[in-house]
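If you want the building blocks of each chain, they are given just below.
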Amino acid sequence: MDTRIVDHPAFRLVGHAARVPLIHRGINPYIQQHIAALPAEEHLRLKALGNAEPSGLLAVSDDLDADYGEGSELTYLHGVAVSPSTPIPGGLDIIEVPAGTWVVIRTAGPHPQTLQNAWATAAAEWFPFNPWRLRRGPEIVAVPDPANDFSTATCELWLPIEPA
């Protein structure tokens, strides 16, 4: 696995949020509907607002069930990362993210299968052999290099961690 550990200052995640069920395999139709309902110009507005890492448009999962049960609800945010001092336009949802440590897992390949496999591999192969555990916080997917049709993509999975 291509991983790196990042100590990151506090930041905000801003965008459009919805409560959706967790789906382990394939494209989540509820998330897909949520994103499709946003006007094209809104994606450009969000992208222009982003000024912090992780960069670009982000897929954020927050308020996840501790057991990650299939069908349990989570808050999904389609948005960007901004510094704490960035003025936020009205009508956007905000997730405040305190300073902390993250493991960043980089993947490349068929989308979303490769990304979903990275979550499973992290749980089965990375965490058991490293001195870290997940901590409370949003899980973030940055897609710096997607194909035009999103059939393949390079992704960065940002998971909040703390010493085990």
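Look up a bit, the structure's there.
Nothing here was measured: the structure is a model prediction, and the numbers come from that model. Along each chain, residues carry numbers from 1 onward, in the same order as the chain's sequence is written. In keeping with the predicted nature of the model, local features appear solely for residues at pLDDT of at least 70, side-chain atom pairs appear and are counted solely at 80 or more, and the whole-chain, interface and lining totals rest on all residues. Here the side-chain values reflect all heavy atoms present in the structure, with hydrogen atoms and water set aside.

*Asks:* I'd love a proper account of the nonpolar core, names of residues and values included.
*Replies:* Among the nonpolar cores identified, the biggest contains 15 residues, and Phe 11, Leu 13, Leu 58, Val 60 and Ile 140 are the most heavily contacted of them. Of all the elements in the fold, those that place two or more residues in this core are strand S2 (11–21), strand S3 (58–62), strand S4 (73–82), strand S5 (93–97), strand S6 (100–110) and strand S8 (139–146). With sequence-adjacent residues up to four places away left out, Leu 13 is seen in contact with Leu 58, Val 60, Leu 77, Val 80, Ala 81, Asp 93, Ile 94, Ile 95, Val 97, Pro 138 and Ile 140. Nonpolar core, defined: a set of buried Ala, Val, Leu, Ile, Met, Phe, Trp, Tyr and Cys residues in which side-chain atoms within 4.5 Å join the residues together. Throughout this description, buried means an accessible area under 20% of the type-specific maximum (1.4 Å probe, protein chains only), exposed means over 50%, and partly exposed covers the range between. By size, the runner-up hydrophobic cluster in this structure holds 13 residues, among which are Ala 118, Ala 122, Leu 159 and Ile 161. Note on conventions: DSSP H or I runs of at least 4 residues are helices, E runs of at least 2 residues are strands, and numbering of each starts at the N terminus. Note on contacts: a residue pair qualifies if any of its non-hydrogen atoms lie within 4.5 Å across the two residues.

*Asks:* Tell me about the pattern of salt bridges, residues and numbers included.
*Replies:* Should their charged atoms come close, side chains of opposite charge can pair. The term salt bridge refers to a pairing of a side-chain nitrogen on Lys or Arg with a carboxyl oxygen on Asp or Glu at a separation within 4 Å. Under the counting rule described, the total for this entry stands at 6 salt bridges. Here Arg 12 ties to Glu 96 by a salt bridge, and the two come within 3.0 Å at their closest N and O atoms. Here Glu 96 lies in strand S5 and Arg 12 lies in strand S2, a separation of 84 residues in the sequence. Measuring nitrogen to oxygen at the nearest pair gives 2.7 Å for the salt bridge that ties Glu 42 to Arg 45. In this pair, Glu 42 and Arg 45 are both assigned in helix H2 (residues 40–49), 3 residues apart and thus about one turn of the helix distant. Look at Glu 42 and you get buried, because its relative accessible area is 11%. Among the residues examined, Arg 45 registers a relative accessible area of 35% and is labelled partly exposed. Residues joined by salt bridges that share partners form a network here, namely Arg 4, Arg 106 and Glu 156.

*Asks:* Describe the side chain of Glu 156, listing the residues and the values that go with them.
*Replies:* The residue Glu 156 is located in strand S9 (residues 152–163) in this model. Polar contacts involving the side chain of Glu 156 include one to the side chain of Trp 158, which spans 3.3 Å. Setting aside residues no more than four positions away along its own chain, Glu 156 makes contact with Arg 4, Val 104, Ile 105, Arg 106, Ile 140, Val 141, Ala 142 and Pro 144. Pairing of N or O atoms within 3.5 Å defines a polar contact, subject to two protein rules: one partner must be a possible hydrogen donor and the other a possible acceptor, and residues neighboring in sequence count only if both atoms are side-chain atoms.

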